Amino acid sequence: QVQLVESGGGLVQFGGSLRLVCAASGRTFSSYYMAWFRQAPGKEREFVARINWSGGTYYADSVKGRFTISRDNAKNTVYLQMNSLKPEDTAVYYCAADRNPSSFSSSSYNYWGQGTQVTVSS
């Protein structure tokens with residue numbers, strides 16, 4: 001069982017930066033794939049970034065080169081550094097975890113945080 005708590009969201013201007021933090025409980029955190037998803041009003045939840053147990057990463061094309069996912073297994077924490085933010089990045093951002101996700105779909109992840117709002121103003 002893994003419990004996830006996100007923080008770090010807020011209001012930022014176009015071109016600004018934010019760092020999201022996801023704190024996880026559980027002694028086996030290091031064995032989980034960790035991911036960030038986001039959901040804008042009226043849209044489906046979409047994949048943003050993923051990091052595996054050894055630090056391998058994968059990004060959605062829409063954030064590649066601007067966002068960086070990282071993890072600190074000693075602190076049971078995963079981060080999402082977001083730079084060069086755009087209004088279209090506005091969404092609720094969710095942290096997710098799974099031992100072996102079969103795809104990049106949200107349905108492949110069993111554990112979710114409550115979400116943190118990110119708003120980018122133009």
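Going by the structure above, here's the rest.
Reading the values: the criteria
Residues numbered from 1 in each chain as written. Predicted model: local features only at pLDDT ≥ 70, side-chain atom pairs only at ≥ 80, totals over all residues. Heavy atoms only, no water. Phe/Tyr/Trp six-rings, centres within 6.5 Å; stacked < 30°, edge-to-face > 60°. Helix = DSSP H or I, 4+ residues; strand = E, 2+ residues; numbered from the N terminus. Lys NZ or Arg CZ within 6 Å of the ring centre and 35° of its normal. Buried < 20%, exposed > 50% of the residue type's maximum accessible area, 1.4 Å probe, protein only. Contact = heavy atoms within 4.5 Å. Disulfide = S-S within 2.5 Å. Pairing = 2+ DSSP bridges. Axes fitted to C-alpha atoms, helices over the stretch in contact; angles between N-to-C directions.

Asks: Any chance you could explain the packing of aromatic side chains here in plain terms?
Replies: Geometry of an aromatic ring pair is reported as the spacing of the ring centres plus the angle between the planes. Counted under the stated rule, the structure contains nine aromatic pairs. With 4.9 Å between their ring centres and 55° between their planes, Phe-47 and Phe-104 make a pair best called tilted. With Phe-47 in strand β5 (residues 46-51) and Phe-104 in the loop between β9 (91-98) and β10 (111-112), the pair connects residues that are 57 residues apart, well separated along the chain. Put simply, the rings of Phe-37, Phe-47, Tyr-58, Tyr-94, Phe-104, Tyr-109 and Trp-112 touch in pairs and so form one group of aromatic residues. The cationic tip of Arg-45 hangs over the ring face of Trp-112; the distance from NZ or CZ to the ring centre is 4.8 Å. In this structure, Arg-71 is placed above the aromatic ring of Phe-29, and the distance from its NZ or CZ to the ring centre is 4.7 Å.

Asks: Would you take a moment to explain the environment of Phe-14 for this structure?
Replies: Here Phe-14 shows up in the loop between β2 (10-13) and β3 (18-24). Owing to a relative accessible area of 55%, Phe-14 belongs among the exposed residues under this scheme. When the C-alpha positions of Phe-14 and Ser-122 are compared, they lie 5.2 Å apart, and in sequence the two are 108 residues distant. Those residues in contact with Phe-14, other than ones at most four positions away along the chain, are Leu-85, Lys-86, Pro-87, Val-120, Ser-121 and Ser-122.

Asks: Got a minute to help me understand the state of the cysteines in this structure?
Replies: Under the defined criterion, the tally for this structure stands at one disulfide. Cys-22 shares a disulfide with Cys-95; S-S distance 2.1 Å. Between Cys-22 and Cys-95, the S-S dihedral sits near -80°, and the bridge is therefore left-handed. On the criterion of sequence distance, the pair formed by Cys-22 in strand β3 and Cys-95 in strand β9 is long-range, its members being 73 residues apart. Across this residue pair, the class does not change: Cys-22 and Cys-95 are buried.

Asks: I keep staring at the sheet that holds strand β8 (residues 77-82) and nothing clicks. Help me out?
Replies: Two pairing modes exist for strands in a sheet, parallel and antiparallel, and in both the strands are linked by backbone hydrogen bonds. The four strands are arranged β1-β3-β8-β7 in an open sheet whose pairing can be described as antiparallel. Only two strands of the sheet have a single neighbouring strand rather than two, namely β1 (4-7) and β7 (67-72). Strand-to-strand twist across the sheet, computed as the mean angle between neighbouring axes with direction ignored, equals 15°. Relative to β8, β3 runs antiparallel, the two being bridged by six bridges. What sits directly across from Val-21, in β8, is Tyr-79.

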